[in-house]
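A closer look at the structure
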Amino acid sequence: MTIHEILEWARGVLEQAGVENTRGNAEHLLDHCLGIDRTARFFVRHERVLSSTEEDAYRRLVARRADRTPLQYLLGKAPFLNDDFVVDERVLIPRPETEQVVEVAIRLLRAEESVVVPVILDIGTGSGAIAVSLAKALQAKVWASDVSLDALEVAQTNLQQLKVEEQVTLVHGDLLRPFHALKLEGRVDLVISNPPYIPHGTVDQLAPEISQHEPRGALDGGVDGCDFYRAIVPAAILFLKPGLGWLILELGDGLAKAVGEVIRDQPELSEPRVFPDLNGKDRVIVAKREQ
Ligand SMILES: C[S@@+](CC[C@H](N)C(=O)[O-])C[C@H]1O[C@@H](n2cnc3c(N)ncnc32)[C@H](O)[C@@H]1O
């Protein structure tokens, strides 16, 4: 088959399976199979005939995409801010919404003139996207936890590939618990997290790419989606520098009010501020430890 023919075939298969943007998916997978990038594709002639090995490999990838495996898992990478992160089914695919959370954090910490090397805790690091991006942007020292050993393996690969092993330390365990052993209480400039926040009853209603392929433990936020906020907010206070430390959390859809109340329940924390994402949805909530 020629490139033109197989792309047409792939688009048909993907359309039948209900995949969105069939053209983009078909082309990305073919680029991946042929080991070329987007620019090189421009020069590849559509009448070129694929070898049988190339064709077989491509058909297998298209079949997996038709089974609604996310494109990023098939490509083995996902872009996040300035870098590509290695991803597979062991970690949540980092999202553009989370880039906004990181950008808010960078802005707030850059404005703190007294902070030279920020000390940061990233809770539920997954692929390490938040931890790595903050380490690079702020020359920060970051400790990042995850309860999933599988996720930490992927994060370790990203630390190595993006050359921040000296700056980011991965720890295994539940939320902020592992940080007690590191004696970080009262020394932290920022506690940040994109916790699991999908209400338990709605996880199965998400697109199959998410509900059937991304790790459940990265999605399910309990009955109302707020379980992790209720656990993280009070536990974070002890670690934040009094009068200085920031708490920054990604918000699930419609959770700004409930999480705001969780924060207001803590007298040490300032009145929370909420920032929207690029779609205008409340996405980031921020508070400072005042005392
Ligand atoms: C929504 S994902 C966020 C991943 C990554 N930070 C990002 O923004 O792309 C939530 C992460 O929290 C982790 N997690 C779930 N429960 C946890 C717990 N009790 N303690 C630490 N991490 C947890 C999951 O394994 C997952 O990696």
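Worth saying up front: this structure is predicted, and the values here are computed from it rather than measured.

Some remarks on the packing of helix H1 (residues 3-16) against helix H2 (residues 22-34)
As a packed pair, H1 and H2 sit with axes 9 Å apart at the nearest point and diverge in direction by 130°. Classified by the angle between their axes, H1 and H2 sit oblique to one another. As for the relative orientation of H1 and H2, their crossing is right-handed in sense. Mapping the contact onto sequence places Ile3, Ile6, Leu7, Ala10, Arg11, Leu14 and Glu15 in H1 and Thr22, Arg23, Asn25, Ala26, Glu27, Leu30 and Leu34 in H2. For the contact of H1 with H2, the residue count by class is eight nonpolar, two polar and four charged.

Side note on the pairing of strand S6 (residues 190-193)
Where burial is concerned, the two faces of S6 agree: the one with Leu190 and Ile192 and the one with Val191 and Ser193 are both buried. Inspection of the sheet shows strand S3 (residues 119-123) paired to S6 by four bridges, in the parallel sense. Within the sheet, the bridge partner assigned to aspartate 122 lies in S6 and is isoleucine 192. With four bridges joining them, S6 and strand S7 (residues 246-250) adopt parallel strand pairing. Bridged to serine 193 within S7 is leucine 249.

Brief notes about the domain arrangement of the protein chain
Split into domains, the protein chain comes out as domain 1 (3-67) and domain 2 (82-288). Once you take the C-alpha centre of each, domain 1 and domain 2 turn out to be 35 Å apart.

Considerations on the sheet that holds strand S9 (residues 282-288)
Spatially, S5-S4-S3-S6-S7-S9-S8 is the arrangement adopted by the seven strands of the open sheet, whose pairing is mixed. Across the chains shown, the open sheet's two edge strands, defined by having one partner strand only, are strand S5 (168-172) and strand S8 (273-276). Mean inter-strand twist for the sheet, computed between neighbouring axes without regard to direction, equals 20°. Sheet analysis places S8 next to S9, joined by four bridges and oriented antiparallel. Directly across from valine 274, in S9, lies its bridge partner isoleucine 285.

Observations concerning the nonpolar core
In this structure, Leu121, Leu176, Phe179, Val191 and Val259 are the most contacted members of the largest nonpolar core, which totals 34 residues. Elements with a contribution of two residues or more to this core: S3, helix H10 (227-237), S7, helix H11 (256-264) and S9. The element that contributes the greatest number of residues to this core is H10, accounting for five residues. Counting 31 residues, the second-largest nonpolar core is a separate cluster that includes Ala105, Leu108, Ala129 and Ile130.

What to know about unusual backbone geometry
Positive phi, close to 50°, is recorded for leucine 81, a residue that is not glycine. Looking at the secondary structure, you find leucine 81 in the loop between strand S1 (77-80) and strand S2 (83-86). Classification of leucine 81 by relative accessible area gives partly exposed; the value is 29%. Residues other than glycine seldom take positive phi values, yet leucine 175 does so here, at roughly 45°. When you line up the elements, leucine 175 lands in the loop between S5 and S6. The class for leucine 175 is buried, based on a relative accessible area of 18%.

Criteria and cut-off values
Residues numbered from 1 in each chain as written. Predicted model: local features only at pLDDT ≥ 70, side-chain atom pairs only at ≥ 80, totals over all residues. Heavy atoms only, no water. Axes fitted to C-alpha atoms, helices over the stretch in contact; angles between N-to-C directions. Helix = DSSP H or I, 4+ residues; strand = E, 2+ residues; numbered from the N terminus. Parallel < 35°, antiparallel > 145°, perpendicular 65-115°, else oblique. Left-handed = near helix turned anticlockwise from the far one by under 90°. Contact = heavy atoms within 4.5 Å. Nonpolar A, V, L, I, M, F, W, Y, C, P; charged D, E, K, R; others polar. Buried < 20%, exposed > 50% of the residue type's maximum accessible area, 1.4 Å probe, protein only. Pairing = 2+ DSSP bridges. Domains from an automatic or database assignment. Core = buried A, V, L, I, M, F, W, Y, C linked by side-chain atoms within 4.5 Å.

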